[in-house]
Amino acid sequence: MKIKFFLMSVAALCFGASSHAADDGVFVRFRLQKPDDAKYYVKIGGVVHQANWFLAEKIFSAEPRITSGQFTDWIDLKAYAGTNLHSRLNLAGGIAELPNIITTFVVEPASPRREVEIELATAPDEAKIVKRWRENFEGDMMSFLVSPNLATDVAQLETDTEMTERRLRWAREATGGKRHAPKQLMVQTAFWGPQRPELHLKDAEILWLLGFNVVGGASAEARAKFPEFRSPSASHDIPLGPDSDRDSVHAVWEKIYPQVKDGYSRGAPFYFQDEICARGTVNTNELALKQFRDWLKAQKFSPSIFGVTNLDLVVPLETPEALREKMKTDERAARRNFYYTSRFRQETTTDRLIWSSEELHRRFSTEHVSATLVADHPYFSGTGFGMGMDQTNTAWGGWPLAADWFDIGKRRAVDMIGIEDWLGLQFMYGPDFTWEGFQLMGFQASIFRSASRGEMPIMTWITPSDEHNLRLKAASALAQGSKNFFYWTYGPTSTSTENYWSDQPGSYPGMAQLSHVLEFGEKIIAPGKPRPTRVALLYSISSDLWQTYGYAQMLERRGIYLALIHEQYLVDLVTEEDVAAGHLKNYIILYTADPCIRSDAAKLIGSWVKDGGTLVATCAAGSRNEFGEPTAELAKVFGIAPEITADIQKGDYRMRAALNDIPHRDRVKFSGKESAEKEFGVIGLKTDLQPRGSKVKATFASNGSPALVENRFGKGRAIYFATTPGISYIKDAKFVRTALAEKWPTEQRWALTHFAAEAKAASLVKLSEPVVEAGIYEAPTGSALILANFTYQPIKTLKVEIPTRTAVASIKSLAHGSIKFETIRVPSPWREEGYKHLQRFSLPLDQDDILILEAR
């Protein structure tokens, strides 16, 4: 009896017999009209937007075959698709985010075209039909959207032809039918699942109109029709772990080269893996162990620091769990082992990127672009440039060790680096992955801009976003040095699973705008470089590895960065390695929120302050060394007792708007006239310190203990906050979880940034409004000024003062055309930086703009 029931169930699934006769069913039938006098049957499959993503292909009415002009039997789609027949989703705006049924009409004799009818009904009854289509197309395949609630969603159901025509209409409306596109800079996307040829060509026209010049998955016919399209390539087989060597990398390229050589265009990127981390471990792999131990020997480490008599006996510690276990018996050795194992793994990742770049250029040309994409979501969700010291990372499970982005940039490991955007807010992964907002696109770009001294091309990957969000993300990245953009990915939605933008209507005008921006500014941006700055923010990978105070130090660092950016300072992020290499000589002020700083770097920071530098520290900065151990190296610089205690307030510091739920633990009160108007509340870290020569400039309201001290050290100045004003800056912005509505406070911003002004650090520009991000590119023919309005309110009159090294002939805004300006005498501190002219003008600012200052 059970066997008979099972066979009947299989028959119902495969041949359309129905147990769903109620009016809430989902039934379809087909009729082939042309070719005439043909025999046919249908195969159906599909794409859905939830796991497991695809519907298995099934054949219906194969025998006996049906004659054209006759309907198939009713097919029960609920029985066929089961729980995969989902309702409309809202991953990228909701349009077309329904299951897509892909139907193939197999005919005899063969014919190049089909004319078919499709009928959807809530029951296998002609009287229950809710939707009819008649399609005439070349080829044998078409698709259409369905819903488990046909009667309710009928207006949203479209065929592939209707979806494509709608998208083409959107593209024409967004562009006015005119293509704007850069020629040198890249605007990239990809087809996830191309449709039949004539629809694919219309999809290609959409991308052409929107300004794309690098397109993955385009057919030969599409590339012939739109020769501006360059074809990228990629391989997930590129080895990046320590269990590989040069020979391993070479062997992989010997294998993949024949597979990719014919479809890869000159001047297009070739991506090595995807969302890279230092995933490869040493473990017990013989090759990896040898390379690890050889690396230790090359660093000339003494075996004793690892608690062994010979470096060949060192067993790597690769997880916090392994570290904690080893610390039970030899904490000092365990800390050094863990630190150097992590740094080795990060360095080997960079090495292998370099080797693959060399292999690529050996086989192709230097005009072919090696590239990779670094993973941002584990970074922002908890790893930083470490691996996270617990397993509560909401983005990736386990302890994924980040690659060293700075090392990749400094060593130019690839020709172009990719930064990615999971900052969905309203789409895809939503607010839980948006953290402190879209200026984090610029924060990522600034890492590679800083590491490569503005030399490394950066590609910003942007996920589905409406026009406003897309423009702000792109403008922030462009302001911080990213000149190229990748919208992941076109789709189309109906043949894709996730991260598609083809049916997000707001993306079209946003993309058209950015393509126009890049075209308008390319003559300056493409050859240009970001202006140099004298403002530095320390980025200690030691701190990210140890996470002494959990997530707080990474959040504090970003809070300081945002405060400076909001006052139009360009910020270079410098590492302990930069300090050791003597790069602090390029800066007059250094900010740091890093509890852990390499001992040699800390010593050099002290010398730099003594020679006249200004150091601003928060979050118990410099209280520990690279091994997470207490140190007094910077205590004299700060003018405080070497013994300090610090504690972190409990709370969720990782999630957007979660700071709203953490109460202020105290308030900072300034001495003198500033007290009343500059007082602000603090959360996060609080340090108990004892001044030793420093002067108390602010106190905690709760007990009068020092909250801010200042010390004269040699010719320089050291400022020490006994708390985390950057985190407080973010908290008091009062982020709204699902909207762009934060309003940045003035008090914490002043508390952090006025030291830069006092140190006579030059801002990029002077604007009449804070919280407008600015970026400047300089080229021999002039300058380009990028403006991104993160106040979220139109500014009727934005007053601008921008210094230039050469005389200016004209200023043109993309949004407003020619701008009237006056040239006045350049004041300090710009004058000391070599600027000879100051241009003053004003203009309205809505969301973003680009201005070209043409040299005379």
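Asker: Which residues make up the packing of helix α7 (residues 246-260) against helix α10 (residues 331-363), and what values go with them?
Answerer: For the pair α7 and α10, interaxial distance at closest approach is 10 Å and the crossing angle is 40°. When the axes of α7 and α10 are compared, the pair comes out oblique. Note that α7 runs across α10; the crossing there is right-handed. On the side of α7, the interface is formed by R246, V249, H250, W253, E254 and Y257, while α10 contributes R352, W355, S356, E358, E359, L360 and R363. By residue class, the composition of the contact of α7 with α10 is 5 nonpolar, 2 polar and 6 charged.

Asker: Residues and numbers for the state of the cysteines, please.
Answerer: The final tally for this structure, using the stated rule, is 0 disulfides. C619 supplies the cysteine sulfur nearest to C596, a cysteine that is in no disulfide, at a spacing of 9.8 Å. Since its relative accessible area comes to 0%, C596 is described here as buried.

Asker: I'd like a description of the sheet that holds strand β24 (residues 666-670), backed by residues and values.
Answerer: The 9 strands are arranged β20-β19-β21-β22-β29-β28-β27-β24-β25 in an open sheet whose pairing can be described as mixed. Strands at the two margins of the open sheet, each flanked by one partner only, are β20 (572-574) and β25 (680-682). Taking each pair of neighbouring strands and ignoring which way they run, the sheet shows an average axis angle of 25°. By the bridge criterion, 4 bridges tie strand β27 (residues 695-700) to strand β28 (residues 706-713) in an arrangement that is antiparallel. By the bridge assignment for β28, V696 is matched with V709. Sheet strands in contact with helix α17 (residues 552-566) are β19 (535-538) and β21 (589-592), and its direction is about 170° off that of β19.

Asker: With reference to specific residues and values, describe the layout of surface pockets.
Answerer: Where empty space is left in the structure can be found by rolling a water-sized probe over the atoms. Taken as a whole, the largest pocket encloses approximately 600 Å³ of empty space. Lining the largest pocket are 31 residues; nearest its centre among them are H236, D274, W461, F486 and W488. If you list the elements that add at least two residues to the lining of the largest pocket, you get β10 (187-190), β11 (214-216) and β12 (233-235). Examining the composition of the lining of the largest pocket, we find that 3 residues originate from one element, β10, more than from any other. Of the volumes computed, that of the second largest pocket is approximately 430 Å³. Split by residue class, the lining of the second largest pocket holds 11 nonpolar, 7 polar and 7 charged.

Asker: So what's going on with the pairing of strand β34 (residues 808-813)? Which residues, and what values?
Answerer: Here β34 pairs with strand β38 (residues 848-855) via 5 bridges, running antiparallel. Within the sheet, the bridge partner assigned to K812 lies in β38 and is I852. Pairing geometry for β34 and strand β35 (residues 817-818), over 2 bridges, is antiparallel. When the sheet's bridge partners are listed, K812 is paired in β35 with S818.

What counts as what
Residues numbered from 1 in each chain as written. Predicted model: local features only at pLDDT ≥ 70, side-chain atom pairs only at ≥ 80, totals over all residues. Heavy atoms only, no water. Axes fitted to C-alpha atoms, helices over the stretch in contact; angles between N-to-C directions. Helix = DSSP H or I, 4+ residues; strand = E, 2+ residues; numbered from the N terminus. Parallel < 35°, antiparallel > 145°, perpendicular 65-115°, else oblique. Left-handed = near helix turned anticlockwise from the far one by under 90°. Contact = heavy atoms within 4.5 Å. Nonpolar A, V, L, I, M, F, W, Y, C, P; charged D, E, K, R; others polar. Disulfide = S-S within 2.5 Å. Buried < 20%, exposed > 50% of the residue type's maximum accessible area, 1.4 Å probe, protein only. Pairing = 2+ DSSP bridges. 1 Å grid on protein atoms, 1.4 Å probe; cavity = no way out; pocket = protein on both sides within 12 Å on 5 of 7 lines; lining within 4 Å. Points joined across faces, edges and corners; volume = space filled by probe spheres on them.

Don't take any of this as a statement about function, it's just geometry.
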